[in-house]
Amino acid sequence: MMTLLPGPDSPTHAPVLVDEVCRLVTPGPRVVDGTLGMGGHAEALRARGATIMGVDIDPEALRASQERLGTQQITYLHGRWFDPPILDTITKYQPHMVLLDMGVSSWQIDADHRGFTFRPGVVLDMRMDRTDPRPTAAAWLSSASLEELSDVFRAYGDERRSRQLAREILRRRANKLFETSDDLVNAIRAVLGPRSGPSDFARLFQAVRIAVNDELEGLERGLPYLRDALAPSGILAVISYHSGEDRIVKHTFREWGKTCRCPAEWPVCRCEGRAFGLVDPRRPLLPTPEEIANNPRARSAKLRVFRKHDEGEGPVLGDGLVAPLFGGGDRSGGAPARRP
Ligand SMILES: C[S@@+](CC[C@H](N)C(=O)[O-])C[C@H]1O[C@@H](n2cnc3c(N)ncnc32)[C@H](O)[C@@H]1O
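None of the values given here were measured: they were computed from a predicted structure. (Residues numbered from 1 in each chain as written. Predicted model: local features only at pLDDT ≥ 70, side-chain atom pairs only at ≥ 80, totals over all residues.)

Things to note about the confidence of the model for the protein chain
The condition is simple: Each residue carries a pLDDT score, the predictor's confidence in it, ranging from 0 to 100. What counts as a contact is two residues whose backbone-derived C-beta atoms lie within 7 Å of each other.
Of the residues in the protein chain, 87% reach a pLDDT of 70 or more, and the chain-wide mean stands at 88. Across residues 1-5, confidence stays below pLDDT 50; counting only partners more than four residues off in sequence or on other chains, it has 13 contacts. Note that residues 314-340 has pLDDT below 50 and, in this model, 49 contacts with residues that lie over four places away or in other chains.

See below:
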């Protein structure tokens, strides 16, 4: 088994879209890197004068980045960026930028003891923090219901035969509980056939990882807190690698960029028709072919950027004018209505 622990001399995780991220900030900002990893983005941002608060759920990643980057203009926090105490600390920090570079680093996948990989004989763990009492991937596969398994493979793994795969897992675990990568690979092969291969294993292992770590729920729940924590004119930048992650970021940013920010159930607009900010650029930033050639992990990356309005900024509709109320919470279009 390959055991790989990151250290100051280990090949650093090549940060994805790093120039694009650095170009977003003006010199000297306070930046929260909510997914510090090996600190590739943090290092580049610091070189541009940023002061960094680095957050990571993985103690091994934190230790490695701390050894690599030291303590100059950077502090470290252990936890999930969407945990309430961490959000509290971020809010007090009033960052000019928050960066999220979702998922796991290459070294985490390469380290057999972390149990993310489909290489043979690896004990399925997949928890981003191995001290976390939450169930490992093996425990989850051995106990989740048919519905739960099937939903995860369909929603997070885009698997057409998700129910068949869930049934196969239930059938196999009746004889022997799931333990290693081989158990999951063999179940996938049994359902998808002998032509299934690494791309199927990677896709379905990733689905299990997302479920084990509650990644999408946390993202959806936590984004509004990050937006509110930003200093006026602050930037929220998210790099995602999975269509489910990107969908959440895209829809959330789009909603925030609409003209009225009041909850749909409020009968009258009270925000005076101010959006929270702007999705800018409107389309995601993607890696160049050169970056993908140098770092294949970048191929599915999408960077989306939301710029919070300064106080008093934003598309104010005019004195006495409010955004119209539409059914289903969509208040983005049409002519402004006069305040009653
Ligand atoms: C893709 S890597 C980040 C790489 C980093 N940008 C760099 O340049 O080295 C993602 C990192 O985020 C961490 N992580 C994932 N989800 C997290 C969460 N909800 N809160 C905090 N850290 C998280 C993982 O442990 C991993 O170290």
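A few points about helix H7 (residues 146-155)
Our working definition: Three exposure classes are used, all based on how many other C-beta atoms lie within 10 Å of a residue's own C-beta (placed from the backbone): buried at 20 or more, exposed at 12 or fewer, and partly exposed between those limits. In DSSP terms, a helix is any run of H or I states spanning at least four residues, a strand is any run of E spanning at least two, and both are numbered starting from the N terminus. Arc, as used here, means the arc of the directions from the helix axis to the C-beta atoms.
Within H7 the residues assigned to the buried category are Leu149, Ser150, Val152 and Phe153. Buried residues of H7, viewed axially, fall in a sector of 160°; they line one side. Of the surrounding elements, those touching the buried residues of H7 are helix H8 (162-175) and helix H10 (198-212).

Quick word on the sheet that holds strand S3 (residues 74-78)
Defined as follows: We call two strands paired when DSSP finds no fewer than two bridges between them. Whenever a helix is involved, its axis is fitted only over the stretch in contact; in every case the axis is a line through C-alpha atoms, and angles between N-to-C directions fall within 0 to 180 degrees.
What the seven strands build is an open sheet, ordered S3-S2-S1-S4-S5-S7-S6; its pairing is mixed. Each having just a single partner strand, S3 and strand S6 (277-279) make up the two edges of the open sheet. On average, each strand axis in the sheet is inclined to that of its neighbour by 15°, with strand direction left out of account. Note that strand S5 (residues 235-240) and strand S7 (residues 302-308) share six bridges and pair antiparallel. Among the inter-strand pairings, Leu236 is bridged to a residue of S7, identified as Phe306. Along the sheet, helix H3 (residues 59-69) makes contact with strand S2 (51-56) and S3, crossing S3 at roughly 170°. Here helix H4 (residues 84-93) sits on the sheet in contact with strand S1 (30-33), S2 and S3, set at roughly 165° to S1.

Points about the nonpolar core
This is how it is decided: Here a nonpolar core is just a set of buried residues of the types Ala, Val, Leu, Ile, Met, Phe, Trp, Tyr and Cys, joined wherever their C-beta atoms sit within 7 Å.
If you look at the biggest cluster of nonpolar residues, it comprises 54 residues, and the most contacted ones within it are Val31, Met97, Val98, Leu236, Ala237 and Ile239. Among the elements that take part in this core, S5 stands out by supplying five residues, more than any other. Leave out the neighbours within four places in its chain, and Ala237 touches Val21, Leu24, Met97, Leu99, Leu303 and Val305. In this structure, Trp140, Val191, Phe205 and Val208 belong to the second largest nonpolar core, which totals 31 residues.

Quick look at the packing of helix H11 (residues 215-229) against helix H12 (residues 243-256)
Describing two packed helices takes the angle between their axes plus the distance from one axis to the other. In plain terms, the rule: Convention used here: angles under 35 degrees read as roughly parallel, angles over 145 as roughly antiparallel, angles from 65 to 115 as roughly perpendicular, and any remaining angle as oblique. Each crossing gets its handedness from the near helix: less than a right angle anticlockwise from the far helix is left-handed, clockwise is right-handed. Each residue is assigned to one class: nonpolar for Ala, Val, Leu, Ile, Met, Phe, Trp, Tyr, Cys and Pro, charged for Asp, Glu, Lys and Arg, and polar for all the others, Gly among them.
It is the contact of H11 with H12, at a shortest axis distance of 10 Å, that shows an interaxial angle of 30°. If you check the angle between H11 and H12, you find them roughly parallel. Relative to H12, the crossing made by H11 is right-handed. Contacts between H11 and H12 pair Leu216, Leu219, Glu220, Leu223 and Arg227 from the former with Gly244, Glu245, Ile248, Thr252 and Trp256 from the latter. Its residues assigned to classes, the contact of H11 with H12 comprises five nonpolar, two polar and three charged.

What about the pairing of S7?
Along S7, seven of the seven residues are buried, which leaves the element largely enclosed by surrounding structure. Looking at chain direction, S6 and S7 are connected through three bridges and run antiparallel. Directly across from Gly277, in S7, lies its bridge partner Lys308.

Regarding the environment of Pro284
Counting through the fold element by element, Pro284 comes out in the loop between S6 and helix H13 (289-294). Take Pro284: there are 19 C-beta atoms within 10 Å of it, and that puts it in the partly exposed class. Distance from Pro284 to Lys302, taken between C-alpha atoms, is 5.7 Å for residues 18 residues apart in sequence. Residues in contact with Pro284, not counting those within four places in the same chain, are Lys302, Leu303 and Arg304.

What to know about the site of the ligand
To keep things clear, this is the line we draw: For each residue, a C-beta atom is placed from the backbone, and the residue counts as near a molecule or strand when that atom lies within 6 Å of it.
For the ligand, the set of nearby residues contains 23 residues, the closest of which are Pro15, Thr35, Gly37, Gly40 and Asp58. Of all the secondary structure elements, the ones that give two or more residues to the shell around the ligand are helix H2 (40-47) and S2. Grouping the constituent residues of the shell around the ligand by class yields nine nonpolar, ten polar and four charged.

A short note on unusual backbone geometry
In this model, Asp280 is joined to Pro281 through a cis peptide bond whose omega is 5°. With respect to the helices, strands and loops of the structure, Pro281 is situated in the loop between S6 and H13. Although it is not a glycine, Met126 adopts a positive phi angle of roughly 70°. Within the secondary structure, Met126 sits in the loop between helix H5 (106-110) and helix H6 (137-143).

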